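One-letter residues, chain by chain:
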Amino acid sequence: MLFLTGSAKRFVQVKPDSNNMVGRSGEFDLIARHFAPIAQKSKAALSLMDDAAVLSVPDGQELVITVDALVADVHFRSQDAPADIARKVMRVNLSDLAAMGAYPLGVVLTAGYNQDLSEDWIAEFANGLGQDCDAFNAPLLGGDTVGTPGPTFFSLTAFGAVPIGRALRRDAAKPGDLIAVTGTLGDGALGLKVLQGDLSSLDHEDAAFLTSRYWVPQPRLEIGRKCVAANRRYAAMDISDGLAGDCRKICAASNVGMTFDQERIPLSKAARNAVQNDPALWNAVFCGGDDYELLICADPNEIKRLGDDVAIIGEVTNRSGQVGLIGMDKKMAELAKGGFDHFGY
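S.K.: Teacher, can you tell me more about the pattern of salt bridges here?
M.R.: Between side chains of opposite charge, a pair can form as their charged atoms come close. Within the structure shown, the criterion is met by 17 salt bridges. Residue Arg169 pairs with Asp171 through a salt bridge whose shortest N-O separation is 2.9 Å. Residue Arg169 is classed as partly exposed on the basis of its relative accessible area, which comes to 45%. Ionic pairing is found between Lys249 and Asp241, a salt bridge with its closest N-O pair at 3.5 Å. Look at Lys249 and you get partly exposed, because its relative accessible area is 32%. Relative accessible area serves as the criterion here: at 10%, Asp241 is assigned to the buried category. Each of the salt bridges in this network shares a partner with another, and the network as a whole consists of Asp187, Arg213, Arg220 and Glu293.

Structure (structure tokens):
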């Protein structure tokens, strides 16, 4: 069994004379109204009435733990819908579980709400979180709630399980492996550009698709578990900071290089229209981040067994740390590192 730490003893009190509900509500009142109903669906949460949750790991499984912190106007836009923010907080962590081939057991949320947020905002956030907890069978087990005069922030820890010794790893790639990705690349980064007003040339349908992909990532839990079920050698990770930067993490862990074929990079219709209008947007496809698709390396026969769930985009080489790109002109060039730098803002 795993015992999880509980919440702080009291919500920080701020602006007692204001009308904002965050400032006037106690932590336990907020939790009881908005988050305890979500936690009722898991016995492990103990109805959020104790100092910790109690989580059992299924027989023959080992625990996979991941945590991500998201800060307003760094990792999400503060003006976005609270329910969409909640889904992003949830799904970026579930994407990490998917990259390990794990299935969710539950999540723990630490939330720091700006003192000017209304209780309606928190209620909408909780509603979005609860919907995703149900959709992905990832119950809320507990967490911590504080108020802050600074930006709103969230830190979600996700717990998953995978058969013992079978977790997908970054250090399992070998020269000669094929490289594949799930879904399509660049949608999230291009969606952010739409929201920033930088892609006004796109029609309404394409713009709406790209922004939805930025707001609501799709964790590829099924394909991760499919790789584990095959009981073969796969290297995998999720692409959160851009293909150009993240691929080097597998290269470093496995002491290999990679070569990608630009023509084989899977693009949505909306992203393809965007790069056709402005080829410079390929940089966002390779380096922009917010994809949350899986990057998978394996023996060619194993990759091909994954079928239409993935697109083959390149090959693992023995040139350690070198990442090449075969461009549309069929010429080889180095794929610039790019990628989203969390400390570059």
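Picking up where we left off.
S.K.: Could you clarify how one ought to interpret the nonpolar core in this entry?
M.R.: Nonpolar side chains in soluble globular proteins tend to end up buried together. In this structure, Leu109, Phe154 and Ile296 are the most contacted members of the largest nonpolar core, which totals 47 residues. Ranked by residues supplied to this core, first place goes to helix H3 (residues 82–99) with nine residues. Residues Val194, Ala244, Leu281 and Leu325 belong to the second largest nonpolar core, which totals 42 residues.

S.K.: Help me understand the packing of H3 against helix H4 (residues 119–135), please; the structure alone is not making it clear to me.
M.R.: A pair of packed helices is characterised by two quantities: the angle between their axes and the separation of those axes. It is the contact of H3 with H4, at a shortest axis distance of 7 Å, that shows an interaxial angle of 45°. With respect to their mutual orientation, H3 and H4 come out oblique. The way H3 lies across H4 gives a crossing that is right-handed. Every residue of H4 that contacts H3 at Pro82, Ala83, Ile85, Ala86, Arg87, Met90 and Arg91 is listed here: Trp121, Glu124, Phe125, Gly128, Leu129, Gln131, Asp132 and Cys133.

S.K.: Looking at this model, I keep getting lost on the confidence of the model for the chain. Mind explaining?
M.R.: Low pLDDT marks stretches whose predicted atomic positions should not be read closely. Summing up the model confidence of the chain, the mean pLDDT is 88 and the portion of residues at 70 or higher is 84%. Segment residues 339–345 is flagged for pLDDT under 50; beyond a separation of four residues in sequence, or across chains, it makes nine contacts in the model.

S.K.: Explain the packing of helix H5 (residues 187–195) against helix H6 (residues 204–215) here, please?
M.R.: For the pair H5 and H6, interaxial distance at closest approach is 7 Å and the crossing angle is 115°. The angle between the axes of H5 and H6 places the two elements in the roughly perpendicular class. The handedness of the crossing between H5 and H6 is left-handed. Residues Asp187, Gly188, Leu190, Gly191, Leu192, Val194 and Leu195 of H5 lie in contact with H6, whose contacting residues are Ala207, Phe209, Leu210, Thr211, Arg213, Tyr214 and Trp215. Class assignment of the residues belonging to the contact of H5 with H6 gives a composition of nine nonpolar, three polar and two charged.

S.K.: Please explain the environment of Arg225 as it appears in this structure.
M.R.: For Arg225, the location among the structural elements is in helix H7 (residues 221–230). Not counting residues within four places of it along the chain, the set of residues in contact with Arg225 comprises Gly101, Ala102 and Tyr103.

S.K.: What should I look at first to understand the sheet that holds strand E10 (residues 293–298) in this one?
M.R.: By way of backbone hydrogen bonds, the strands of a sheet pair with one another, either parallel or antiparallel. One open sheet holds the seven strands; their spatial order is E8-E10-E7-E11-E9-E12-E13, and the pairing between them is mixed. A strand with exactly one partner marks an edge of an open sheet, and here the two such strands are strand E8 (234–239) and strand E13 (332–334). Averaged over all adjacent pairs, the angle separating strand axes in this sheet is 30°, with direction ignored. The sheet contact formed by strand E9 (residues 257–261) and strand E12 (residues 323–326) spans four bridges and is parallel. Across the sheet, the residue bridging to Phe260 is Leu325, located in E12. Together, E8 and E10 form the strand contacts of H3, whose direction differs from that of E8 by roughly 170°. Contacting E8, E9, E10, strand E11 (310–317), E12 and E13, helix H8 (residues 243–254) crosses the sheet at an angle of about 150° to E8.

S.K.: Before we go on, may I ask you to explain the pairing of strand E6 (residues 153–163) in this structure?
M.R.: The two faces of the sheet receive side chains in turn, since in a regular strand these alternate between them. Most of E6 sits inside the fold, with eight of its 11 residues counted as buried. With 11 bridges joining them, strand E3 (residues 61–71) and E6 adopt antiparallel strand pairing. Looking at the pairing, Ala69 lines up with Ser155 of E6.

S.K.: Where do I start with unusual backbone geometry in this structure?
M.R.: Note: most residues except glycine have negative phi, and most peptide bonds are trans. Of note in this structure, Asn137 is not a glycine but carries a positive phi near 50°. Inspection of the secondary structure assignment puts Asn137 in the loop between H4 and strand E5 (140–148). Residue classification places Asn137 among the exposed positions, given a relative accessible area of 59%. Unlike most non-glycine residues, Tyr292 shows phi in positive territory, near 55°. Within the secondary structure, Tyr292 sits in the loop between helix H10 (282–287) and E10.

Cut-off values and rules
Residues numbered from 1 in each chain as written. Predicted model: local features only at pLDDT ≥ 70, side-chain atom pairs only at ≥ 80, totals over all residues. Heavy atoms only, no water. Salt bridge = Lys/Arg side-chain N within 4 Å of Asp/Glu carboxyl O. Buried < 20%, exposed > 50% of the residue type's maximum accessible area, 1.4 Å probe, protein only. Core = buried A, V, L, I, M, F, W, Y, C linked by side-chain atoms within 4.5 Å. Helix = DSSP H or I, 4+ residues; strand = E, 2+ residues; numbered from the N terminus. Axes fitted to C-alpha atoms, helices over the stretch in contact; angles between N-to-C directions. Parallel < 35°, antiparallel > 145°, perpendicular 65-115°, else oblique. Left-handed = near helix turned anticlockwise from the far one by under 90°. Contact = heavy atoms within 4.5 Å. pLDDT = per-residue confidence, 0-100. Nonpolar A, V, L, I, M, F, W, Y, C, P; charged D, E, K, R; others polar. Pairing = 2+ DSSP bridges.

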